[in-house]
Amino acid sequence: MSLEYAILVSLQERAGSGYELARRFDKSIGFFWGASHQQIYRSLKRMVELGWVTGDAVAQEKRPDKKVYRVSEAGAAELARWLAEPADPPTVRNELSVKIRGASYGEVAQVLAEVGRHRRLHAERLAIYRAIEQRDFPDPTRLSGQSLHQFLVLRGGIRTEQSMVDWCDEVIGALEDDSSA
């Protein structure tokens, strides 16, 4: 998937400036499709050239004008086309897995420390996702449309992070047991 489709989805949800879009990526969609601010601005430029988005200048008091981007008809059609095509299964490129597999060729204690660090990072992200769930989706049984779709992606993130925490716990236990044997 290219970044442009993640941007189209975000702009379909709400028009915004490049800065606003980058902040949205930092707080929501970026958890699932990361991009730097520079990548977002480059993609927006390319999307304007392709006719997928339009940018309207909006005057601001005591600030330079900002450009607010919206999805064009051509962009909506491209997004619909992309949504209809089959998605490739996710590929797994997990550096931590390779380190665990190679642990016996180095210092197991260092790999164990790295697994512990990853566990903390996944637990932190899990806590963020659960806080978002509580704040934004207090009654998921009443969701439909866009809010249901956002909730389902968040639930996928919660399950992924919980799975990673559980796996790290399993690896830590096994490596500790192996080193004490």
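As a convention, each chain's residues are numbered from 1 in the sequence order in which they are written. Per-residue local features of the predicted model are confined to residues with pLDDT of at least 70, and side-chain atom pairs are confined, for both listing and counting, to 80 or more; whole-chain, interface and lining totals are unaffected and use all residues. Excluding hydrogens and water, the side-chain values take into account all heavy atoms of the structure.

- As annotated in an unreviewed UniProt entry, the chain carries the name PadR family transcriptional regulator and comes from Saccharopolyspora hirsuta.

### Quick word on the sheet that holds strand β1 (residues 16-17)
Then, in step 1: A pair of strands is treated as paired once DSSP finds two or more bridges between them. Secondary structure elements follow DSSP: runs of H or I no shorter than four residues count as helices, runs of E no shorter than two count as strands, and numbering proceeds from the N terminus. Spatial ordering of the open sheet is given by β1-β3-β2, a layout of 3 strands whose pairing is antiparallel. Of all the strands in the sheet, the pair left with one neighbour each is β1 and β2 (53-60).
Then, in step 2: Of the strand pairs in this sheet, β2 and strand β3 (residues 63-71) are connected by 7 bridges, and their pairing is antiparallel. Considered in β3, the bridge of Gly-55 is made with Tyr-69.
Then, in step 3: Those strands touched by helix α1 (residues 3-13) are β1, β2 and β3, and its axis lies near 100° from that of β3. Contacts are residue-level and defined by heavy atoms, with any inter-residue pair within 4.5 Å sufficient. Orientation is described by lines fitted to C-alpha atoms, with helices fitted over the stretch in contact, and by angles between N-to-C directions that extend from 0 to 180 degrees.

### Digging into the UniProt feature "domain: Transcription regulator PadR N-terminal" (unreviewed entry) in the chain
Then, in step 1: Under the local residue numbering, the UniProt record ascribes the feature "domain: Transcription regulator PadR N-terminal" (unreviewed entry) to residues 7-80.
Then, in step 2: End C-alpha to end C-alpha, residues 7-80 measures 13 Å, and it is 53% helix and 26% strand. UniProt positions are given in the numbering used here, feature names are shortened, and annotations may be inferred rather than shown by experiment.

### Here we look at the nonpolar core
Then, in step 1: Among the nonpolar cores identified, the biggest contains 20 residues, and Ile-7, Leu-8, Leu-11, Phe-25 and Ile-40 are the most heavily contacted of them.
Then, in step 2: Those elements that place two or more of their residues in this core are α1, α2 (18-27), α3 (37-50), β3 and α4 (73-84).
Then, in step 3: Here this core takes 6 residues from α1, the largest share from any one element.
Then, in step 4: Apart from residues no more than four positions distant in its own chain, Ile-7 is found in contact with Leu-21, Phe-25, Ile-40, Ser-43, Leu-44 and Met-47.
Then, in step 5: The term nonpolar core refers to a set of buried residues drawn from Ala, Val, Leu, Ile, Met, Phe, Trp, Tyr and Cys, joined through side-chain atoms within 4.5 Å. Three labels apply to residues, based on accessible area from a 1.4 Å probe with only protein chains included: buried if under 20% of the type maximum, exposed if over 50%, partly exposed otherwise in between. Counting residues in each nonpolar core, the second largest holds 9 residues, with Leu-96, Leu-112, Val-115 and Leu-175 among its members.

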